[in-house]
Amino acid sequence: PFSQAVECNGFLFFSGQIGQDPVTGKIVEGGVVAQTERVLLNHAAVLKAAGKSFDDVVRAGVYLTSMSDFAAMNGIYAKYFSQPFPARTTIGVAALPLGACVEIDLVVRA
């Protein structure tokens with residue numbers, strides 16, 4: 001039980017997204033590159049529903065099960081954001097839901 005996004009004090013707090021295909025419910029194949037792309041497409045859908053875009057993102061939290069995937073994730077991530085880039089934290093974690101290798105949450109200007 002969770003919300004895709006919650007508004008509070010002028011911000012939208014987006015729940016973390018993993019590389020889960022919204023049609024099949026399964027993690028997309030192709031490792032961190034394909035999963036990061038799917039994560040950001042999933043966020044794009046929630047942003048659009050909120051009337052927002054990646055330009056409204058002020059902070060991102062990235063969670064990786066392998067920090068050696070950082071460069072590959074960052075290459076895909078960079079395609080979705082422009083200057084001034086949002087603040088970002090990247091954290092190495094032991095595991096993510098459904099065996100995902102990346103999860104990203106966002107804070108967005110309301």
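Let me sum up the structure you'll find in this document.

Rules used throughout
- Residues numbered from 1 in each chain as written.
- Predicted model: local features only at pLDDT ≥ 70, side-chain atom pairs only at ≥ 80, totals over all residues.
- Heavy atoms only, no water.
- Phe/Tyr/Trp six-rings, centres within 6.5 Å; stacked < 30°, edge-to-face > 60°.
- Helix = DSSP H or I, 4+ residues; strand = E, 2+ residues; numbered from the N terminus.
- Buried < 20%, exposed > 50% of the residue type's maximum accessible area, 1.4 Å probe, protein only.
- Pairing = 2+ DSSP bridges.
- Axes fitted to C-alpha atoms, helices over the stretch in contact; angles between N-to-C directions.
- Contact = heavy atoms within 4.5 Å.

1. Some remarks on the packing of aromatic side chains
Okay, step 1: Within the structure shown, the criterion is met by four aromatic pairs.
Okay, step 2: Residues F54 and Y80 carry aromatic rings whose centres are separated by 5.3 Å and whose planes lie at 65 degrees to one another, so their mutual orientation is edge-to-face. Taken together, the residues F54 in the loop between α1 (31-49) and β3 (57-64) and Y80 in the loop between α2 (70-77) and β4 (87-92) connect sequence positions 26 residues apart.
Okay, step 3: Look at Y80 and you get buried, because its relative accessible area is 17%.
Okay, step 4: Among the aromatic residues, those joined into a ring-pair cluster are F54, Y77, Y80 and F81.

2. A few points about the sheet that holds β3
Strands in a sheet are paired, the pairing made by backbone hydrogen bonds, and the direction either parallel or antiparallel.
Okay, step 1: Spatially, the five strands line up as an open sheet ordered β1-β2-β5-β3-β4, and their pairing is mixed. Two strands lie at the open edges of the sheet, namely β1 (5-8) and β4, each paired on one side alone. Ignoring strand direction, the axes of neighbouring strands in this sheet form an average angle of 15 degrees.
Okay, step 2: Both β3 and strand β5 (residues 102-109) contribute to a ladder of seven bridges, which runs antiparallel. In the strand pairing of β5, L64 is matched with V102.
Okay, step 3: In the packing of α1 onto the sheet, contacts are made with β1, β2 (11-18), β3 and β5, and the angle to β5 comes to roughly 30 degrees.
Okay, step 4: The strands that α2 touches are β3, β4 and β5; relative to β4, the one it contacts most, it runs at about 150 degrees.

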